[in-house]
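Okay, here's what each chain looks like letter by letter:
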Amino acid sequence: MKLSLKSVAVILVGLALVSSCKSKKPSSVKMSKNSTATGIAYNKKGGFQIDKSFKGQPTGPNLVFVEGGRFTMGALEEDVINSRDNLERTVSVQSFYMDETEIGNVHYLEYLNAIQKDSSQEFYESALPDTLVWKNELAFNDSYVEQYLRYPGFRMYPVVGVSWTQASDYCNWRTAAVNNDIALKSQKGSKKGSKTTKTKGKAESKAAPAFTSGQRLQIESGKVLPAYRLPTEAEWEYAAKAMIGTQYEDENQTNQRIYPWDGPNMRSSRGKKKGTMLANFKRGRGDYAGIAGKSNDGAIITNEIYSYPANDFGLFQMAGNVNEWVYDLYRPLSYEDFNDLNPIRRSDYLDNAKNYDKKNDNSLVDNHSRVYKGGSWADVAYWLAPGTRRFIDQDSATSTIGFRCAMIRAGTNK
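Caption draft 1: Region of interest: unusual backbone geometry. A positive phi is found at Asn-43, a non-glycine position, where the angle reads about 65 degrees. Among the secondary structure elements, Asn-43 is positioned in the loop between helix H1 (5–23) and strand S1 (63–66). Here the phi dihedral of Tyr-308 falls at roughly 70 degrees; this positive angle occurs in a residue that is not glycine. Looking at the element boundaries, Tyr-308 is found in the loop between helix H6 (233–241) and strand S9 (323–329). Classification of Tyr-308 by relative accessible area gives buried; the value is 13%.

Caption draft 2: Spatial organisation of the packing of aromatic side chains. Throughout the structure, instances matching the rule amount to 23 aromatic pairs. Ring geometry for Tyr-111 and Trp-173: centres 5.3 Å apart, planes at 50 degrees, overall tilted. Residue Tyr-111 is located in helix H2 (residues 105–118), and its partner Trp-173 is located in helix H5 (residues 164–193); the two are separated by 62 residues in the primary sequence. Taking relative accessible area as the criterion, Trp-173 reaches 19% and is therefore assigned buried. Geometrically, the ring pair formed by Tyr-238 and Phe-313 is tilted, given 5.8 Å between the ring centres and 35 degrees between the ring planes. With a gap of 75 residues between them, Tyr-238 in helix H6 and Phe-313 in the loop between H6 and S9 connect regions that are remote in the sequence. Residue Tyr-238 shares its accessibility class with Phe-313, and that shared class is buried. One aromatic cluster is present, formed by Trp-134, Tyr-144, Tyr-148, Phe-154, Tyr-157, Tyr-288 and Trp-377 through successive ring pairs. One cation-aromatic arrangement involves Arg-89 over Phe-338; the distance from NZ or CZ to the ring centre is 5.6 Å. If you follow Arg-370 out to its NZ or CZ, it ends over the ring of Trp-164, 3.8 Å from the centre.

Here is what the cut-offs are and how they apply
Residues numbered from 1 in each chain as written. Predicted model: local features only at pLDDT ≥ 70, side-chain atom pairs only at ≥ 80, totals over all residues. Heavy atoms only, no water. Helix = DSSP H or I, 4+ residues; strand = E, 2+ residues; numbered from the N terminus. Buried < 20%, exposed > 50% of the residue type's maximum accessible area, 1.4 Å probe, protein only. Phe/Tyr/Trp six-rings, centres within 6.5 Å; stacked < 30°, edge-to-face > 60°. Lys NZ or Arg CZ within 6 Å of the ring centre and 35° of its normal.

This is the structure in C-alpha cells:
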C-alpha cells in the first residue's frame, strides 16, 4: 500500500506529538497529578496537598527582576583616595528582585503611619528619620528640616535621614504588610471563586484550597513572598552596572561600564535627549545643578525617584540622587576573603573587629560599619561609579543616604 506524501506527513507529526508528550517531565511549576516518588495522588482528602495554580514566584510591588550571572566586581575608576578596598574579581550572583526606585518619602510615611497604630511609642519614635541632617549652621536649609519629609511636594523624593538599622526595620515591616495584603486578597478571591453545586440532592461547596492559617498564607501556597531586605553589596553593584545591556551575541563582554550606562560621560550621547544629564550629582565646588535653564541636572538637592533614565535592568537612579545602604558589613579587604558565589560580609568572620583599633581612635572600622554606594546629589561624579564604596556607622544618618529593597528569586533563574 502506497501512502501519499500528505499521509506520511500527518503520521510523522502524530509520532512527534506522542514522543513529545511522553518526554515531558514534571517541573516545579508544572506538577504531575501523582507523586513521582510514591505514585500517590496529590490533593486527596487527608493526603499531601499542593497548589497546582502556582506559576512561579509573583513579582512584589515596585520590584524589577534582575537576572543573575557572572560579572567582574570591583572599582574601574582610578583609586584617587588609594583605599584599595574593592579590587576586581569575578563573582556570580543568583537572580533576584530589586526595587526599581529608591524608597520615597511617601513610602516611609506609610510605614510610620502603620507602626504608629501597631507598635509602641518607643519603636515609632526610633523609626522617625532624622530631619536635622539638613541643618547646617553656615547654610539656610531650614525649609528642608521642616518640610522635606512631610510636605506633599516632596512625596516622591527619596527618604533621607534614615540609618541602616531603620532601613532594615522598614524591610521587615514591608514584608509583613505585603504578605498580609496578599493573604486578605486571596481569602476574598477564594470566597468569590467558590461554587455551590448539587450532588445527589446535597449542596456541595467547591473551592480551591486556600492554604491559609488565620490571615497568614502558608509558604507552600506559593503566594507568600520572600522577605524584603537590603541588597548585598554584590547584588547592588551587579544591578547598577547592568552589563546585560552589553550582551549582543554571546557571553563575551567587549567592554566594561564605569557607570550604569555606556561611556565615560555623564550626559546622554544619543537620541532626542542627547546632551541631557543622566544623573543628579555635584559637578564641582559650589555647582550642584548648573545654571538655570541650561545644561543642568534639574536638581539642587535630591530629585524625584523616577527622574533620569533607567538602566538596562529597568532600575532608576543607581547613580546619583542619594547614596544607598547595602547589607554588608564594611571591611577594607573583603575582596580577599569573599565567596565567589553570592558574596556577602555580614559578620567579622575571618576579619575580626579586634584587628581594628577603633577604641584608641586608630581606626573607624568596627562591627557597626556598613557599606553605602551609588553617589548622591552632593557627590562628584567619581562616587557615582558602582565599584566605589564608602562606609558609616549603621546607626548614623545623613541627607545624602537613602535605600531601596531587594528580594531573592526563589526556584528559577528566569
